[in-house]
Amino acid sequence: MDETLLMLPGPTNVAPRVLQAIAKNVVNHRSAIFGEIYTEVTKMMSELFKTQNKSYLLTGSGTAAMEASIANIVNKNDKILNVIGGKFGERLRDITLAYDGDAKELNVEWGTTVSPKQIKEALDEDENIKAITVVHNETSTGVAAPIEEIGKVVKDYNALYIVDTVSSLGGDHVDVDKYNIDICFTGSQKCLAAPPGMSAITLSEDAWKVIDSVNSNTYYLDMKKYKKFGAGTPPETPYTPSITLIYGIHEALKMIEEEGIDNRVLRHETAAEATINGAKALGLELFPKKEVSSATVTALKIPEGVSDSDLRGTMRNQYKVELAGGQDHLKGNIFRIGHMGNINYKQLAITFSALGMTLKKLGFDIDAGAGVSAVTKSYL
Ligand SMILES: *Cc1c(COP(=O)(O)O)cnc(C)c1O
């Protein structure tokens, strides 16, 4: 067993009981027994999304759900407003283009987020915008967007409100119905803390109206088929799903239920606070402003005089702690500490103990224990 601690914004550390759950027998996916599991897991997903609408499971990582959210609602040249402040915002634009949508970009500087006012202005400017995509937690920059406030704006327009909660659902506040979200989705390997390979999506009545009017080009991700098969007796998926991973997600969702979502979000917020405090104590600087910094992943500037590969390489090779790097123009400039899923003081104490030793080794004149001390104080 590799004991490397994953302090990543996915994949995250999977609990032993979840690993045990996926070791169960594979069953027929066209059977009552599978129907029961599928019904239960999709119900639990809707509860976690906080929606009265049905949820669906897709076999494919979070990007499959991103693609489904666009592919099912876009006809050629339909205008989609893509809010972009990092890698995942860009990906939703790229998917829009891949399905021949007319992508209208609302760009914000990486490390900042969009304001509801900017959204309102963009929607006022063009009444033909069919949908808007927002990434709740822009994992590439460690920034959270105000999805509740944006929802209050979008509600007054015809546009569908699509929100990517891949790196936030189960770690930050998400309330699909209250925020007026039409399409929301997540992945298995982030805050849910199940293994990678599956995603879940939920769609509103308004979304289904649009979907029914679109002649979609997607085959595997055609949500009409998922709806039809999901309503069957027994409920099924159109194609063979990863039955094994569904067992894992089931167990992971049970863990979330046992903890309670409010406790879980609070645990993530505390971990974020502890991470920021630990980093500051080691002389590290936060990449985004603290007010918009994510509850599930913290992006930090790589200090001058050290390279990304020295920093993360030492953490990985000497201390068996895996951290994430920066992407695109942030590569080499920032690194990211994921604290999503099963992260508590224990993992953060190990991480900051290792980070202190790493920086000391790399020649920084610091108190190597200052980070872990600050983390400890954050939990008192
Ligand atoms: C991880 C992630 C995704 C999906 O990525 P996959 O690697 O396909 O699971 C989408 N959006 C955000 C914000 C993410 O963090």
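You'll find the structure just up there.
Conventions used here
- Residues numbered from 1 in each chain as written.
- Predicted model: local features only at pLDDT ≥ 70, side-chain atom pairs only at ≥ 80, totals over all residues.
- Heavy atoms only, no water.
- Pairing = 2+ DSSP bridges.
- Helix = DSSP H or I, 4+ residues; strand = E, 2+ residues; numbered from the N terminus.
- Axes fitted to C-alpha atoms, helices over the stretch in contact; angles between N-to-C directions.
- Contact = heavy atoms within 4.5 Å.
- Buried < 20%, exposed > 50% of the residue type's maximum accessible area, 1.4 Å probe, protein only.
- Salt bridge = Lys/Arg side-chain N within 4 Å of Asp/Glu carboxyl O.
- Near = heavy atom within 4 Å.
- Polar contact = N/O pair within 3.5 Å; in protein donor to acceptor, adjacent residues only side chain to side chain.
- Areas by Shrake-Rupley, 256 points an atom, 1.4 Å probe, with all protein chains shown as cover.
- Phe/Tyr/Trp six-rings, centres within 6.5 Å; stacked < 30°, edge-to-face > 60°.
- Lys NZ or Arg CZ within 6 Å of the ring centre and 35° of its normal.
- Disulfide = S-S within 2.5 Å.
- Parallel < 35°, antiparallel > 145°, perpendicular 65-115°, else oblique.
- Left-handed = near helix turned anticlockwise from the far one by under 90°.
- Nonpolar A, V, L, I, M, F, W, Y, C, P; charged D, E, K, R; others polar.

Quick notes on the sheet that holds strand β10 (residues 198-203)
Here's step 1: One open sheet holds the 7 strands; their spatial order is β2-β10-β9-β8-β5-β3-β4, and the pairing between them is mixed. Looking along the sheet, the strands with just one partner apiece sit at the ends: β2 (55-59) and β4 (102-107). In this sheet, adjacent strand axes meet at a mean angle of 20 degrees when their direction is disregarded.
Here's step 2: As defined by bridge partners, β2 adjoins β10 across 5 bridges and the pair is classed as antiparallel. Each bridged residue has a counterpart across the sheet, and for L57 the counterpart in β10 is A200.
Here's step 3: Each of β3 (79-84), β4, β5 (129-135), β8 (160-164) and β9 (183-187) is contacted by helix α4 (residues 87-98), which is oriented at about 160 degrees to β3, the strand it contacts most.

Digging into the environment of V210
Here's step 1: Of note, V210 is situated in helix α7 (residues 205-213).
Here's step 2: Overall, the relative accessible area of 17% leaves V210 in the buried class.
Here's step 3: Distance from V210 to G187, taken between C-alpha atoms, is 24 Å for residues 23 residues apart in sequence.
Here's step 4: Sequence-distant contacts of V210, defined by excluding residues within four places in its chain, comprise I73, K130 and L160.

Structural notes on the sheet that holds strand β13 (residues 324-325)
Here's step 1: Sheet architecture is open: 3 strands sit in the order β11-β14-β13, paired in antiparallel fashion. In this open sheet, the two strands that pair with only one neighbour each are β11 (297-301) and β13.
Here's step 2: When β11 meets strand β14 (residues 334-338), the two strands line up antiparallel, connected through 5 bridges. From the neighbouring strand, L300 faces β14, where its bridge partner is F335.

Remarks on the pattern of salt bridges
Here's step 1: Under the counting rule described, the total for this entry stands at 21 salt bridges.
Here's step 2: The salt bridge partner of K120 is D124, with a shortest N-O separation of 3.0 Å. With a gap of 4 residues between them, K120 and D124 both fall in helix α5 (residues 116-125), about one helical turn apart.
Here's step 3: For K120, a relative accessible area of 39% puts it in the partly exposed group.
Here's step 4: Exposure remark for D124: the relative accessible area of 47% places this residue in the partly exposed category.
Here's step 5: We note a salt bridge from K254 to E251, for which the minimum N-O separation is 3.5 Å.

What about the site of the ligand?
Here's step 1: Taken together, 14 residues sit near the ligand, with S61, T63, T139, D164 and K190 positioned nearest.
Here's step 2: Between the ligand and T63 there is a distance of 2.5 Å, counted from an oxygen atom to a side-chain nitrogen or oxygen.
Here's step 3: In the environment of the ligand, an oxygen atom lies 2.7 Å from a nitrogen or oxygen atom belonging to the side chain of K190.
Here's step 4: Across the complex, the protein chains shield 89% of the 380 Å² of accessible surface that the ligand would expose by itself.
Here's step 5: Elements that contribute at least two residues to the shell around the ligand include exactly α3 (62-71) and α4.

Some details on the packing of aromatic side chains
Here's step 1: Scanning the model with the defined rule gives 6 aromatic pairs in all.
Here's step 2: Ring centres 5.2 Å apart and planes at 20 degrees place the aromatic pair Y220 and Y239 in the stacked group. One end of the pair, Y220, is in the loop between α7 and α8 (223-230); the other, Y239, is in the loop between α8 and α9 (243-259), with 19 residues separating them in the sequence.
Here's step 3: On the basis of relative accessible area, Y220 is assigned to the partly exposed category, the value being 34%.
Here's step 4: Clustering of aromatic rings is evident, with ring pairs tying together Y219, Y220, Y226 and Y239.
Here's step 5: Seen from the ring of Y219, K225 lies directly overhead, with NZ or CZ sitting 3.9 Å from the centre.
Here's step 6: Between K227 and the ring centre of W208, over which it is positioned, the NZ or CZ distance is 4.4 Å.

Section: the state of the cysteines
Here's step 1: Following the criterion strictly, the structure yields 0 disulfides and no others.
Here's step 2: Not part of a disulfide, C184 finds its nearest cysteine sulfur in C191, a span of 12 Å.
Here's step 3: On the basis of relative accessibility, which here comes to 0%, the residue C184 falls in the buried class.

Points about the packing of helix α10 (residues 261-281) against helix α13 (residues 370-378)
Here's step 1: Packing of α10 against α13 leaves a shortest axis separation of 7 Å and a crossing angle of 150 degrees. One element, α10, and the other, α13, form an angle in the roughly antiparallel class. Both α10 and α13 take part in a crossing whose hand is right-handed. Residues T270, E273, A274, N277, G278 and A281 of α10 lie in contact with α13, whose contacting residues are A370, G371, A374, V375 and S378.
Here's step 2: Here the contact of α10 with α13 is built from residues that sort into 5 nonpolar, 5 polar and 1 charged.

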